Amino acid sequence: MAKKHEVNSFKDKYAKLTTKALMEEFKYRSPMQVPHLEKIVINAGIGDATKDAKLIEAAFNEIQNITGQKPVLTKSKKAIASFKLREDQAIGVKVTLRGNNMYNFMEKLIHIALPRVRDFKGISRNGFDGHGNYTLGIKEQIIFIEVNYDDVKRVRGFDVTFVTSAKNDAEALALLTAFGLPFTRKK
């Protein structure tokens, strides 16, 4: 039996409200000029993996549970003796989310995970790269409800990068704010 087309609330909100608001704010002539979210990349570097290979497996499982998608192992490109690092040794995991998985993760991040951060006052505006992309550092993976605290071998963080089609940081900030990312107020 075929699945019904699944409608995501974030995707629907973007299509209706966000597009109209951004067109008015930046004086776009066509809805096709409005920036959109292309993908979300989640990257966890596991520096201790040179000493304990089980840490990679634990990070792999945690990222898979959080995103609902199988991560890819990232491997070292060259050997560095002072770090006890061999060439092609697994040193991290990453996953690229697109489509409904991307919107589902974003909704979970905004409504469930970020409010669980201790003393949360909003996310910094300093994570923009000048080309319309934003990187957010998560300090503890345990803010996600998919991670069982009893199974955590080591509390670690990871980076979440929002890749947009925006031409500059102002457009990207407006786009991500319209989606509901809780940025701190400008001082």
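Calculation notes
- Here the residue index of a chain counts from 1 through its sequence in written order.
- Reporting of local features is limited, given that this is a predicted model, to residues whose pLDDT is at least 70; pairs of side-chain atoms are given and counted only at 80 or more, and all residues count toward the totals for whole chains, interfaces and linings.
- Hydrogens are left out, water is left out, and the side-chain values use all remaining heavy atoms of the structure.
- For this document, the term salt bridge refers to a Lys or Arg side-chain nitrogen within 4 Å of an Asp or Glu carboxyl oxygen.
- A run of H or I in DSSP counts as a helix once it spans at least four residues, and a run of E counts as a strand once it spans at least two, with each numbered from the N terminus.
- Relative accessibility thresholds used throughout: buried, under 20% of the residue-type maximum; exposed, over 50%; partly exposed, between the two (1.4 Å probe, protein chains only).
- At least two DSSP bridges between two strands are required for those strands to pair.
- Working convention: axes come from line fits to C-alpha atoms, limited for helices to the stretch in contact. Angles between N-to-C directions cover 0 to 180 degrees.
- Contact between two residues is taken to exist if any of their heavy atoms lie within 4.5 Å; hydrogens are not considered.

**Student:** Tell me about the pattern of salt bridges, residues and numbers included.
**Tutor:** Tallying each qualifying case throughout the model produces two salt bridges. Put simply, Glu62 and Arg156 hold a salt bridge, and the shortest N to O gap is 3.1 Å. With a gap of 94 residues between them, Glu62 in helix H2 (residues 54-67) and Arg156 in the loop between strand S4 (134-138) and strand S5 (158-164) connect regions that are remote in the sequence. Classification of Glu62 by relative accessible area gives buried; the value is 10%. Note on Arg156: relative accessible area 12%, which makes it buried.

**Student:** Any details on the sheet that holds strand S1 (residues 37-45)? Residues and values, ideally.
**Tutor:** Spatially, the five strands line up as an open sheet ordered S2-S3-S1-S5-S4, and their pairing is antiparallel. Two strands close off the open sheet at either side, each with one partner strand: strand S2 (72-75) and S4. Going across the sheet, the axis of each strand differs from the next one's by a mean of 25°, ignoring polarity. Lying over the sheet, helix H3 (residues 99-113) contacts S1, strand S3 (90-97), S4 and S5, oriented at roughly 65° with respect to S1.

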